[in-house]
Amino acid sequence: MSLRRVAAVALLACALVASGCTREDDATDALTTGAPRSPDSPSPTLRTIPALPVVSAPPSGEVTAFMQQSSLDVARGQFQVVVVNDTIRDLDPTSVRFRDPRLARPLTGGNLRVDPSQSRRGYPFPLPSRPDCTRPREQSTSFVTVEHRRGTVRVPVDDETDAIGRFLTTRCQELALAEAVTLSWDDRVPVDRPGAGATGTLTLLVEPRRGTAEAARHEVTIDGVNGSHLLGSANDPSGWTPATTVASGDAVRRVELPLKPTRCDDHAFMEGGNATAFRVRFTLDGEPGEVLLRMTPAGSSAAIRFAQESCGLG
């Protein structure tokens, strides 16, 4: 290769290197010195990722339903059927009815309102105060019928926890127990001393039912009482075991239970509607049973006020 050609190649290489260095230096200066850049221009070191569109499944065209029951529903003596409207049109119900073979008659739902397309709405149903306790108890398919402005929809109700069965067990035991005694809580919650660390007294009133001489006689033993998430036994974290027996014709029996808060955090005072509801285990004429016995609003206020003071929150 001639000397002239070698020199030409060397000059070309230097020019390319110089050009590349200049572009790199310009970019470095722009980043380190904060040189202004058009707000619409992308960063030299970041790639713009476009937003992905939200993809939603098309409606299946079906209406389904399931049952739910919160602690507040239990306190109100009701349950809710949630209707899932996975169709292209809104459901505007004019009536909602629930039917379970274990109940003597259909139940009518309340709080009627529009169930939009691909949405769900819960409709409350009050439970009967005196169900027919002679009907079969085996769980079978229940249905909800929704009458709306365009027709009628009847669908099975998914009830995984068997809320109706649990209600019948509890309520029928309550009715059987009521034939023998009346149970209630005293509205007063006396304390051993004021202020933090106080111990209270929860009093269960057991009043035997009085009737004619020909009326059936019963014997009831109060075997145990469970505490709630907020209130429990001052002596035994597992609950109270009064083992008190009363018979038809006996005087009213006062069963005093020493009381302490089981928790003092804020959440304990805000949780659900069962803070002053206690499960009472009993034996009625040799048959065991259990009922959930709630305090009256006045008694609940007194019990919660005691818990706040005993926790040092009053």
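Above this text you will find the structure in question.
These numbers were taken from a predicted model, which means no experiment stands behind them. (Residues numbered from 1 in each chain as written. Predicted model: local features only at pLDDT ≥ 70, side-chain atom pairs only at ≥ 80, totals over all residues. Heavy atoms only, no water.)

**Quick notes on the overall build of the protein**
In step 1: Tallying secondary structure elements over the protein gives five helices and 15 strands in all.
In step 2: Out of the 314 residues in the protein, the part that is buried amounts to 33%.
In step 3: Residue pairs at least 24 apart in sequence account for 68% of intrachain contacts in the protein once pairs closer than 6 positions are excluded.
In step 4: Of the roughly 19,000 Å² that the protein leaves accessible, carbon and sulfur atoms contribute 54%. (Helix = DSSP H or I, 4+ residues; strand = E, 2+ residues; numbered from the N terminus. Buried < 20%, exposed > 50% of the residue type's maximum accessible area, 1.4 Å probe, protein only. Contact = heavy atoms within 4.5 Å. Areas by Shrake-Rupley, 256 points an atom, 1.4 Å probe, with all protein chains shown as cover.)

**Digging into the sheet that holds strand β4 (residues 107-108)**
Sheets are built from strands paired through backbone hydrogen bonds, the pairs being either parallel or antiparallel.
In step 1: The mixed open sheet is built from seven strands, whose spatial order is β4-β3-β6-β7-β1-β2-β5. Because the sheet does not close on itself, it has two edges, and the strands there are β4 and β5 (119-126).
In step 2: For strand β6 (residues 142-148) and strand β7 (residues 151-158), the ladder comprises seven bridges, and the chain directions are antiparallel. Bridged to Glu147 within β7 is Thr152. (Pairing = 2+ DSSP bridges.)

**Thoughts on the pattern of salt bridges**
Side chains that differ in charge, positive against negative, can pair when their charged atoms come close.
In step 1: For the structure on display, the rule yields 10 salt bridges.
In step 2: The salt bridge partner of Arg149 is Asp92, with a shortest N-O separation of 2.8 Å. Pair noted here: Arg149 is in the loop between β6 and β7 and Asp92 is in the loop between β2 (78-86) and β3 (93-99), with a separation of 57 residues, a long-range link.
In step 3: The class for Arg149 is exposed, based on a relative accessible area of 64%.
In step 4: A salt bridge links Arg171 to Glu174, with the nearest nitrogen and oxygen atoms 2.8 Å apart. Separated by three residues within a single helix, Arg171 and Glu174 lie in helix α3 (residues 163-178), roughly one turn from each other.
In step 5: For Arg171, a relative accessible area of 21% corresponds to the partly exposed category.
In step 6: Linked through salt bridges whose partners overlap, the residues forming this network are Asp100, Arg102 and Asp162. (Salt bridge = Lys/Arg side-chain N within 4 Å of Asp/Glu carboxyl O.)

**Observations regarding the nonpolar core**
Generally speaking, a soluble globular protein has its nonpolar side chains buried in company with each other.
In step 1: Core analysis: the biggest nonpolar cluster contains 33 residues, and Leu183, Trp185, Val220 and Ile222 have the highest contact counts within it.
In step 2: Those elements that provide at least two residues to this core are β8 (181-185), β9 (200-208), β10 (219-225), β13 (253-261), β14 (277-284), β15 (287-294) and α5 (297-310).
In step 3: Ranked by size, the runner-up nonpolar core spans 23 residues in total, among them Leu107, Phe125, Leu127 and Val146. (Core = buried A, V, L, I, M, F, W, Y, C linked by side-chain atoms within 4.5 Å.)

**Describing the side chain of Thr203**
In step 1: The topology assignment puts Thr203 in strand β9.
In step 2: The contact partners of Thr203, leaving out residues within four places of it in the chain, are Ser184, Trp185, Asp186, Arg254, Val255 and Glu256.

**Here's the deal with the sheet that holds β15**
In step 1: Spatially, four strands are ordered β12-β10-β14-β15 in an open sheet, and the strand pairing comes out antiparallel. Here the strands that pair on one side only, and so sit at the sheet edges, are β12 (244-247) and β15. Adjacent strand axes in the sheet meet at a mean angle of 30° when their direction is disregarded.
In step 2: Bridge count between β10 and β14: five bridges; the pairing is antiparallel. Of the residues in β14, the one forming a bridge with Gly224 is Arg281.
In step 3: α3 contacts β10, β14 and β15 of the sheet and is inclined by roughly 100° relative to β15. (Axes fitted to C-alpha atoms, helices over the stretch in contact; angles between N-to-C directions.)

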